[in-house]
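# Understanding the architecture of this molecule
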Amino acid sequence: MKRVVAIAIAVAIVLLGIVLGRAVMTSDGARAFPSEVASGALPPAPGFTLPNLDGKGQTSLASLRGRVVILNFWASWCDPCKDEAPILEDFWQREAQPAGVAMVGIDTQDITDDARAFATTYGLTYPLVHDDGSAVSRAYGVSAFPETFVLDAQGRAVAWFPGAVTAKGLREAVAKAAG
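Per chain, the residues get numbers from 1 upward, laid out in the order the sequence is written. Per-residue local features of the predicted model are confined to residues with pLDDT of at least 70, and side-chain atom pairs are confined, for both listing and counting, to 80 or more; whole-chain, interface and lining totals are unaffected and use all residues. Excluded from the side-chain calculation are hydrogens and water; included are all heavy atoms of the structure.

## A look at the nonpolar core
A general tendency of soluble globular proteins is for nonpolar side chains to be buried together. As used in this record, nonpolar core signifies buried Ala, Val, Leu, Ile, Met, Phe, Trp, Tyr and Cys residues forming a set joined through side-chain atoms within 4.5 Å. Residue burial is assigned from relative accessible area. The probe radius is 1.4 Å, only protein chains are included, and a residue is buried under 20% of its type maximum, exposed over 50%, and partly exposed in between. With 50 residues, the main nonpolar core has L71, F73, Y140 and V150 as its most contacted residues. The biggest single contributor to this core is helix 3 (residues 79-99), with 6 residues. Note on definitions: a residue-residue contact is assigned when non-hydrogen atoms from the two residues lie within 4.5 Å. Ignoring sequence-local partners within four residues, the contact set of L71 consists of F48, V104, I106, Y140, E147, T148, F149 and L151. By the criteria applied, helices consist of DSSP H or I runs no shorter than four residues and strands consist of E runs no shorter than two, each listed in order from the N terminus.

## Brief notes about the pairing of strand 6 (residues 147-151)
Most of strand 6 sits out of view: 5 of its 5 residues are buried. Alternating positions in strand 6 separate into two faces, E147, F149 and L151 on one and T148 and V150 on the other, with burial throughout. At least two bridges found by DSSP between two strands is the condition for calling them paired. Inspection of the sheet shows strand 3 (residues 69-74) paired to strand 6 by 5 bridges, in the antiparallel sense. Each bridged residue has a counterpart across the sheet, and for F73 the counterpart in strand 6 is E147. In this structure, strand 6 lies alongside strand 7 (residues 157-162), joined through 5 bridges in antiparallel fashion. Bridge pairing in strand 7 places L151 opposite A157. With antiparallel pairing between neighbouring strands as the criterion, strand 6 and strand 7 make up a hairpin whose turn holds 5 residues, including G155 at a positive phi of roughly 85°.

Dropping the structure here:
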């Protein structure tokens, strides 16, 4: 009996090692995009088409080509996202929208109704989409919230903000993306 238990424990340890090894390899690959952006490589941003959070239509990254784009990954349960939301809305109203800069909030790992309530609470008026299943956030290597990417008019990522952004940081990144 002791031998059976010892074998079962050994098998469990080996299987756990395999699972953990795969998780490490997968997470390293998933973080490749933000690592490239941080290195200054200007990688092309992964494309997407996602449903608008308000339930009316969808938004595709391809439709924004030719414009500087701010992509903000967030979730309604994220405390730093709550702190960041007024900064993003103010930046959208005062600087991005008047300058023709596109901005998309990508809600992910979230319940749609909670995300809609968050948008209402914080008065968010820029386009919001829902990443059901988190495929887009995985493609961008998002591992925590919030994370923000700024893209140039050719769809290349020029800046990455892990964590909450500041208006100054966004302003500098948009200027870099513009030119």
